[in-house]
Amino acid sequence: MREYLFMALIAAAVTYLLVPLVRRFAIRIGAVPEVRDRDVHTTPTPRLGGLAMYGGLVVGLLVASELTKTGEALSKSEGQPVLALIIAGGLITVTGFLDDWWGMDPFIKLAGQVAAAGVLVYFGLRLTYIPLPKDWGGSTSLDYTLSTIITILVVVVAINAVNFVDGLDGLAAGIVGIAAMATWAYSIFLKESISGLRIDTTAAIAAILIGICLGFLPHNFHPAKIFMGDTGAMLIGLVLASSIVTVTPLDPSVIENMNKFGVLLPLIIPAAVLVLPLIDLITAVVRRTSQGLSPFAPDRGHLHHRLLDIGHSHRRTVLIMYAWTFLFAFGIVAMSKIGVPVLLFPVLILLALGVLVLMAAPRWRGRGGAHASGRGDDDDGPPTGPMPPITPDTQVRGPARRPDGPSQERASAEGNPVIPAFPGRS
């Protein structure tokens with residue numbers, strides 16, 4: 001357990017320390033897009049935070065491979081998880097970087113996602129069977145072609161689900177961090193039930209992912225100093241998907257007695273940890289296609305937008321979605337631990353939906369919820385945006401301008417001049 005903690009702390013520290021450097025780099029190259037109509041933040045904010053997250057991933061994986069017990073588990077696991085995640089993560093990070101900086105056609109970005117998933121398959125990280133109870137015909141082994149197709153599909157769906165839910169400060173990092181914690185707990189439970197050990201490839205990947213998210217959140221929680229962008233959202237989606245893929249390649253017979261339908265757990269757990277991003281992804285695709293738009297066309301109809309529209313503050317909306325993810329993910333893990341039959345899973349789903357409805361209801365205080373009740377004890381802090389500003393070397397200092405003037409520059413609390421939204425551009 002100490003090795004897991006060490007991996008998570010290393011990944012968190014590297015990510016946290018790299019973020020200020022990445023922020024300066026994003027500002028220098030102009031990766032600070034203007035605020036769009038669908039955006040929630042009010043001031044231009046640097047993207048590319050995913051570069052720091054990739055640094056945390058690489059260092060965490062390299063450290064894990066050198067640890068005594070974890071290194072042995074990684075070396076004996078099917079495929080080459082360390083090399084696979086470094087190469088696939090690098091590919092998806094480059095794809096996201098180009099999209100955040102220059103913009104990219106959705107289908108080119110999709111091709112990058114498929115290529116990164118293909119790298120995972122090439123290095124042996126793939127689904128090898130579909131777990132089903134004996135009454136349903138038993139578990140089905142997959143040949144290499146079908147295994148490749150299903151694995152790529154799972155990875156691409158997970159990447160886009162996380163990317164779709166990344167719309168508020170700290171939302172994607174928090175949700176994926178909670179999902180990684182649930183995956184870690186389940187993989188530990190599964191490994192211990194099978195062999196009596198606690199060191200596992202899935203748990204190692206999940207621990208590193210937890211560290212990455214925790215290291216990034218202090219810079220990204222509202223008000224955010226930097227966004228992870230597609231660079232980070234697609235990366236953590238890929239890593240989460242890889243942990244889901246690696247948890248299933250084992251003999252189904254060893255988990256059939258965990259509870260009445262234990263063999264289904266490797267399918268139910270991934271669905272539980274990704275339930276919120278998947279719901280957002282599915283509803284977005286249905287909403288856009290029903291309006292005759294591309295499934296990739298951006299809009300302002302995501303779950304977090306709806307929570308904001310009914311009167312919740314920025315932070316409360318994020319915490320509501322954290323709570324829903326935690327309830328689903330850890331509810332399923334707990335039920336697998338205590339041996340509750342799968343027939344009670346719908347009860348948990350109904351309970352989670354009920355909690356969501358209660359938490360999502362606007363507060364009956366004042367004249368209409370958080371927005372009408374004043375700041376009070378639900379102070380959201382300053383508007384989302386870069387804090388504090390960083391002055392690049394090329395910045396020419398001059399008189400500070402009022403933030404409501406025609407310039408895109410923003411004054412700090414001390415009245416000192418700061419950077420424009422796009423440094424180096426005129």
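Rules used throughout
Residues numbered from 1 in each chain as written. Predicted model: local features only at pLDDT ≥ 70, side-chain atom pairs only at ≥ 80, totals over all residues. Heavy atoms only, no water. Helix = DSSP H or I, 4+ residues; strand = E, 2+ residues; numbered from the N terminus. Buried < 20%, exposed > 50% of the residue type's maximum accessible area, 1.4 Å probe, protein only. Areas by Shrake-Rupley, 256 points an atom, 1.4 Å probe, with all protein chains shown as cover. Phe/Tyr/Trp six-rings, centres within 6.5 Å; stacked < 30°, edge-to-face > 60°. Contact = heavy atoms within 4.5 Å. Axes fitted to C-alpha atoms, helices over the stretch in contact; angles between N-to-C directions. Left-handed = near helix turned anticlockwise from the far one by under 90°. Nonpolar A, V, L, I, M, F, W, Y, C, P; charged D, E, K, R; others polar. Parallel < 35°, antiparallel > 145°, perpendicular 65-115°, else oblique. Salt bridge = Lys/Arg side-chain N within 4 Å of Asp/Glu carboxyl O. Expected span 1.5 Å × (residues − 1). Polar contact = N/O pair within 3.5 Å; in protein donor to acceptor, adjacent residues only side chain to side chain. pLDDT = per-residue confidence, 0-100.

Moving on, we come to the overall build of the chain. When helices and strands are counted, the chain shows 14 helices and 2 strands. Here the chain holds 426 residues, and the buried ones make up 53% of them. Accessible area for the chain stands at about 18,900 Å²; split by element, carbon and sulfur atoms hold 65% of it.

Counted under the stated rule, the structure contains 6 aromatic pairs. Ring geometry for Tyr4 and Trp184: centres 5.8 Å apart, planes at 90°, overall edge-to-face. With Tyr4 in helix α1 (residues 2-29) and Trp184 in helix α7 (residues 171-195), the pair connects residues that are 180 residues apart, well separated along the chain. Arranged with centres 5.4 Å apart and planes meeting at 45°, the rings of Phe97 and Trp101 form a pair that is tilted. Within this pair, Phe97 and its partner Trp101 are both found in helix α4 (residues 81-101), separated by 4 residues, close to a single helical turn.

Along the chain, the position of Gly49 falls in the loop between α1 and α2 (50-66). Sequence separation of Gly49 and Met228 is 179 residues, and the distance between their C-alpha atoms is 3.9 Å. Once you skip the residues sitting within four places of it in the chain, Gly49 turns out to touch Val22, Phe216, Ile226, Phe227 and Met228.

With that out of the way, let us pick up the packing of α1 against helix α8 (residues 201-220). The interhelical angle for the contact between α1 and α8, taken along N-to-C directions, is 35°, at an axis separation of 7 Å. Every pair of crossing elements has a handedness; the one defined by α1 and α8 is right-handed. Across from Tyr4, Met7, Ala8, Ala11, Ala12, Thr15, Tyr16, Val19 and Pro20 in α1, the residues of α8 making contact are Ala203, Ala204, Ala207, Ile208, Gly211, Ile212, Gly215, Phe216, Pro218 and His219. The residue makeup of the contact of α1 with α8, split by class, is 15 nonpolar, 4 polar and no charged.

Take the packing of α7 against helix α9 (residues 229-246) next. The geometry of α7 relative to α9 is characterised by a closest axis approach of 11 Å and an angle of 15° between their N-to-C directions. The angle between α7 and α9 places the two elements in the roughly parallel class. The interaxial crossing formed by α7 with α9 has left-handed handedness. Within the contact between the two elements, α7 uses Ala172, Ala173, Val176, Ala179, Ala180 and Thr183 and α9 uses Ile236, Leu240 and Ser243. A class-by-class count of the residues in the contact of α7 with α9 yields 7 nonpolar, 2 polar and no charged.

All right, on to the pattern of salt bridges then. Scanning the model with the defined rule gives 4 salt bridges in all. Of the charged contacts in the structure, one is a salt bridge between Glu72 and Lys76, with a shortest N-O distance of 2.8 Å. A residue pair is termed a helical-turn pair when its members lie 3 or 4 positions apart in one helix, as Glu72 and Lys76 do in helix α3 (residues 68-76) at 4 residues. On the accessibility criterion, Lys76 (63% relative accessible area) is exposed. A salt bridge links Asp230 to Lys109; the shortest N-O distance between them is 2.8 Å.

Turning to α2, a few remarks are in order. Spanning 17 residues, α2 covers 25 Å between terminal C-alpha atoms, matching the ideal 24 Å at 1.5 Å per step. Taken together, the buried residues of α2 touch α1, α3, α4, α8 and α9.

Topologically, Thr201 is positioned in helix α8. The exposure class assigned to Thr201 is buried, which follows from its relative accessible area of 10%. Expressed as a C-alpha distance, the spacing of Thr201 and Ala73, which sit 128 residues apart in the sequence, is 6.3 Å. Those residues in contact with Thr201, other than ones at most four positions away along the chain, are Ala73, Leu74, Ser77 and Pro81.

Considering the arrangement of structural elements, one finds Ser243 in helix α9. Its relative accessible area of 1% is what places Ser243 among the buried residues. Within the structure, Ser243 has its side chain in polar contact with the backbone oxygen of Leu240 (distance 2.6 Å). Apart from residues no more than four positions distant in its own chain, Ser243 is found in contact with Thr183, Thr202 and Ile205.

Next up on the list: the confidence of the model for the chain. On average, residues of the chain carry a pLDDT of 75, and 64% of them reach 70 or more. Mean pLDDT per element in the chain: helix α12 (residues 303-309) is the minimum at 61, and α2 is the maximum at 95. Note that pLDDT drops below 50 for residues 363-426; the model gives that stretch 113 contacts with residues more than four away or on any other chain.

On to unusual backbone geometry. In terms of backbone geometry, most residues other than glycine have negative phi values and most peptide bonds are trans. Look at Leu48: it is not a glycine, yet its phi comes out positive at around 70°. Mapped onto the fold, Leu48 is located in the loop between α1 and α2.

Along its 18 residues, α9 runs 26 Å from first to last C-alpha, staying within 8% of the 26 Å computed at 1.5 Å per residue. Here α9 lies mainly inside the structure; 18 of its 18 residues are buried.

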